[in-house]
Amino acid sequence: MTPVTRLPDGDDLPEVVTIGVSVSVPDPYGTEIQDARAGHGDPLARSIPTHVTLLPPTEVPAEALPKIEEHLAAVAGAHRPFRMLLRGSGTFRPVSPVVYVRVEEGAQECRLLEADVRSGPLARELAFPYHPHVTVAHGLSDDVLDQAYEQARGFRAEFPVPGFGLSRFDADEVWRPWRSYPFG
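Residues numbered from 1 in each chain as written. Predicted model: local features only at pLDDT ≥ 70, side-chain atom pairs only at ≥ 80, totals over all residues. Heavy atoms only, no water.

## Observations concerning the packing of aromatic side chains
A full pass over the atoms with the stated rule returns six aromatic pairs. Cluster of aromatic residues (ring-pair linked, three or more members): Phe82, Phe164, Tyr181 and Phe183. Seen from the ring of Trp178, Arg168 lies directly overhead, with NZ or CZ sitting 4.7 Å from the centre. (Phe/Tyr/Trp six-rings, centres within 6.5 Å; stacked < 30°, edge-to-face > 60°. Lys NZ or Arg CZ within 6 Å of the ring centre and 35° of its normal.)

## Some thoughts on the pattern of salt bridges
If you walk through the whole model with that rule in mind, you get 15 salt bridges. Note that Asp35 is salt-bridged to Arg46, the shortest N-O span being 2.9 Å. On the criterion of sequence distance, the pair formed by Asp35 in helix α1 (residues 29-39) and Arg46 in the loop between α1 and β4 (51-61) is long-range, its members being eleven residues apart. Its relative accessible area of 38% is what places Asp35 among the partly exposed residues. (Salt bridge = Lys/Arg side-chain N within 4 Å of Asp/Glu carboxyl O. Helix = DSSP H or I, 4+ residues; strand = E, 2+ residues; numbered from the N terminus. Buried < 20%, exposed > 50% of the residue type's maximum accessible area, 1.4 Å probe, protein only.)

## Considering the nonpolar core
Formed by 45 residues in total, the largest nonpolar core has its most connected members in Ile19, Leu65, Leu72, Met84, Leu86 and Phe164. With five residues, helix α2 (residues 65-77) is the largest single contributor of residues to this core. (Core = buried A, V, L, I, M, F, W, Y, C linked by side-chain atoms within 4.5 Å.)

## Things to note about the pairing of strand β10 (residues 175-182)
Both strand β9 (residues 163-169) and β10 contribute to a ladder of seven bridges, which runs antiparallel. The residue bridging Phe164 from the neighbouring strand is Tyr181, located in β10. In sequence, β9 turns back onto β10 through a hairpin of five residues, with Glu173 there showing a positive phi of about 65°. (Pairing = 2+ DSSP bridges.)

## Here's the deal with the sheet that holds β10
Reading across from one edge, β4-β3-β9-β10 is the order of the four strands in this open sheet, with antiparallel pairing throughout. Taken across any chain shown, the strands that pair with only one partner, and hence form the sheet edges, are β4 and β10. Across this sheet, the average inter-strand angle for adjacent strands is 25°, counted without regard to direction. Running at roughly 50° to β10, α2 makes contact with β3 (16-24), β4, β9 and β10 of the sheet. Strands β3, β4 and β9 of the sheet are contacted by helix α3 (residues 107-117), whose axis makes an angle of about 5° with β4. (Axes fitted to C-alpha atoms, helices over the stretch in contact; angles between N-to-C directions. Contact = heavy atoms within 4.5 Å.)

Set out below in structure tokens:
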């Protein structure tokens with residue numbers, strides 16, 4: 001039996017939880033990107049809500065979550081809503097087999113948020129320098145990545161960003177939004 005931790009709100013969690021922090025891409029844009037991702041055959045398409053990452057998957061002790069939530073609330077309170085414009089495609093190839101939609105406006109706000117989120121109880125090193133983006137294809141063949149890149153070139157979405165969210169990776173290997181943090 002896996003040991004669990006009970007949080008003050010009644011959630012029972014394993015002793016170690018995988019979390020992520022992100023800006024959600026609202027519908028209809030989020031669904032459009034998820035559908036494109038699924039259409040490319042990306043097996044992760046339906047298990048990852050469409051987002052711009054602020055903190056990549058990070059394992060934390062469940063007992064640290066109240067302090068982490070306090071930290072995230074303080075970070076959100078120190079930032080203001082902003083406008084995001086997603087437009088066109090980009091890729092991390094050959095370093096990483098990823099095709100993405102570019103964050104054309106809102107990238108600087110995401111960089112500032114990422115630095116604040118990834119501090120205090122969430123301080124950690126990254127495998128790659130932070131680059132705000134929305135993944136549309138990951139880990140697929142070069143032909144499929146080329147196709148995804150071409151299809152994403154014409155993508156455009158504009159929306160307000162009122163805050164960010166904390167998600168957790170559950171035992172069924174699906175990322176689920178868990179808490180929301182509105183900007184101050």
